[in-house]
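Listed below are the residues making up each chain.
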Amino acid sequence: MKSYKEIITELLVASDIGLAYDEILETIEIPPDNAMGDYAFPCFKLAKIKRNSPVNIAKDLSETISKPQGIAKIINQGPYLNFFIDRTDIVKTVIENVKEKGDKYGSSDIGKGKNAIVEYSSTNIAKPFHIGHIRSTVIGNVIKNLYKFTGYNTTSINYLGDHGTQFGMMIAAYKLWGDDDKINENPIKELLKLYVDYNELANQDPEKMDDARRWFSELESGNPEAVKLWEWFKEISLGEFNRVYDMLGVEFDSYNGESFSSQFIDDVIKELRDKNLLEMSDGAEIINLEDEGLPNMIVIKSDGSSTYITRDIATALYRKREYDFHKNIYVVGSQQILHFQQLKACLKKMGYEWADDCIHVPFGMVSLKDQTLSTRRGQVVFLEDVLNKAVEKTEEIINERNPNLENKDEVAKQVGIGAVIFQELFSNRIKDYVFDWDNTLNYDGETGPYVQYTIARANSILERAGKINNEAIDYSLIISDSEFELASTIYNLPQKILDAVEKYEPSYVTRQLVEIASAFNSFYNACPILNAESDIKNARLELVSCTASVLRSGLKLLGIESPNKM
Ligand code: ARG
């Protein structure tokens, strides 16, 4: 399905106006008031080229261009060439398309034959899955869904933080204070306590830090006791994380994390040495990135151990070999922007042009009013608690609004968790934001529950209507402003999906779903449906069914379920 912008652009290209396709496409605007037209092409650029006034040019074009199917009228208004969409055509196109494609409406095959890796969540073993991690998990999951939906062959990877000196610390702490029963009972909270307490101890007594380092090198060299403890920490941590992933409906194809990459470190170092990229600096070996305007990066520490970035180089090389990716997408917070710049610069220095296919997708921080999210101080808000609280609060809301609802528990889960996910995806990802319960769960705001409620409302209309007679629908009966507006918002969704893929920005889709829901509610208020005269009723019911279908599959793309009733 072509967008109207594309249709208009092709028309102007075919009319030989003297501008290239892309130039025209990006010039087309949407007028502030649809009485002026649905799309407008400003003629200022042409005026310069043709040395004529933009008003004259717009007037000439409006008289000479013949309108294609889908365009009802072309007029000039001052320096603008304005296009009026054929409303019947748009309503018909939308309804027929949604009916034909069902939950695949908006999908495409632009990614056919291409592999995309999406790395997200990347939690750290023996550390809590806190509310700060939700962003990577949720945004990454949607980017993966969007890539799949547009035809890419996707692989989702949870790059576990399961390597580094902190594991030496964990082991040293365990040797001092570890209590298996307590740990088994409450794994992350206990492991976190061990880590926090040991940190404090090491602050007072630096020798304790040496013990930790020693345990880490034991771990690296395969000391069975150290390896066994590390594996155990990993297993119980993943057990905890998986509970949260289940609640969020998130899955991974691979959990290959930092420790997995350590098997390739020696090869990487050798390659860097062979390519003359290593320099000594204070006993450590570094890659000099001065000419890139970036800080130098340490590849091997003075004690011989690898660093976070060395493991990332090894991982990128492995991923290229293993998956031959078209894109290798890292959904990681904006604190690591510099890290990924260095990683790319280094891969480039190694001679890998595909470094440009490694894409860091950063996002801003989330905070809870008045609370910090630092692990070191042990003041952490656990994501699982937030999700449980969302479900509880939703149960309260349901008991108030609709106490006799069937399947209350299930609905409260879908709505409560859906609300948290939706909130995460609503703002531009790069913005920091403060998590706020009232916004998140508001049934009347720009929220998940609002969209879900709109679906339930549409379902209830359809249920009351019974079987729709959808033979010979007369689409010209449903072209009033609110009907046309609703059809247009649905019409624009596929383009928003493509934009979201191109810019790694789920909020394009999230916002469009709110647009559709709110256009539906205006339509619902403006147009009687079940009480309308039979032909009109049938046509409107088609629009209702179409809206329900598109909103439901749209939420599914975002990883959100929608209850039939709420
Ligand atoms: N585990 C890291 C953290 O929690 C994120 C890992 C990011 N991914 C990467 N390839 N470096 O901060």
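Look up a bit, the structure's there.
Residues numbered from 1 in each chain as written. Predicted model: local features only at pLDDT ≥ 70, side-chain atom pairs only at ≥ 80, totals over all residues. Heavy atoms only, no water.

Novice: Is there a simple way to think about helix 13 (residues 265-274) in this case?
Specialist: Working note: α-helix, 3.6 residues per turn, so residues spaced by three or four point in the same direction. Taken as a whole, helix 13 has its buried residues at Ile 265, Val 268, Ile 269, Glu 271 and Leu 272. One side of helix 13 holds all its buried residues, which, seen down the axis, span an arc of 160°. In this structure, helix 13 carries Asp 266, Asp 267, Lys 270 and Asp 274 as exposed residues pointing more than 90 degrees from its buried face. Contacts from the buried residues of helix 13 go to helix 12 (258-261), strand 6 (278-281), strand 7 (284-287), strand 8 (297-300), helix 14 (308-323) and helix 15 (337-349). Phi turns positive, to about 60°, at Asn 276, one or two residues after helix 13. (Buried < 20%, exposed > 50% of the residue type's maximum accessible area, 1.4 Å probe, protein only. Helix = DSSP H or I, 4+ residues; strand = E, 2+ residues; numbered from the N terminus. Arc of directions from axis to C-beta. Contact = heavy atoms within 4.5 Å.)

Novice: Help me out: how do you make sense of the packing of aromatic side chains in this one?
Specialist: For any pair of aromatic rings, geometry is given as the distance between the ring centres together with the angle between the planes. Using the criterion set out here, one finds 24 aromatic pairs in the structure. Centroid distance Phe 264 to Tyr 318: 5.2 Å. Interplanar angle 20°. Geometry classified as stacked. Taken together, the residues Phe 264 in the loop between helix 12 and helix 13 and Tyr 318 in helix 14 connect sequence positions 54 residues apart. Across the pair, exposure class does not vary: Phe 264 and Tyr 318 are buried alike. Seen from their ring centres, Phe 325 and Trp 354 are 5.5 Å apart, and the 85° between their planes marks the pair as edge-to-face. Separated by 29 residues along the polypeptide, Phe 325 in the loop between helix 14 and strand 9 (327-331) and Trp 354 in the loop between helix 15 and strand 10 (358-361) bring together distant segments of the chain. For Phe 325, a relative accessible area of 2% corresponds to the buried category. Judged by its relative accessible area of 13%, Trp 354 is buried. Cation over ring: Lys 73 sits above Phe 84, and NZ or CZ is 4.4 Å from the ring centre. Of note, Arg 511 hangs over the ring of Phe 426, and the distance from its end group to the ring centre comes to 4.2 Å. (Phe/Tyr/Trp six-rings, centres within 6.5 Å; stacked < 30°, edge-to-face > 60°. Lys NZ or Arg CZ within 6 Å of the ring centre and 35° of its normal.)

Novice: I keep staring at the pairing of strand 10 and nothing clicks. Help me out?
Specialist: The two faces of the sheet receive side chains in turn, since in a regular strand these alternate between them. The two faces of strand 10 match: Cys 358 and His 360 on one face and Ile 359 and Val 361 on the other face are all buried. Two strands pair when backbone bridges link them, and strand 9 and strand 10 are joined in this way by four bridges, in the parallel orientation. The partner of Tyr 330 across the bridge, within strand 10, is His 360. What joins strand 9 to strand 10 is helix 15, and the crossover it makes is right-handed. (Pairing = 2+ DSSP bridges. Right-handed = clockwise from strand over helix to strand, strands pointing away.)

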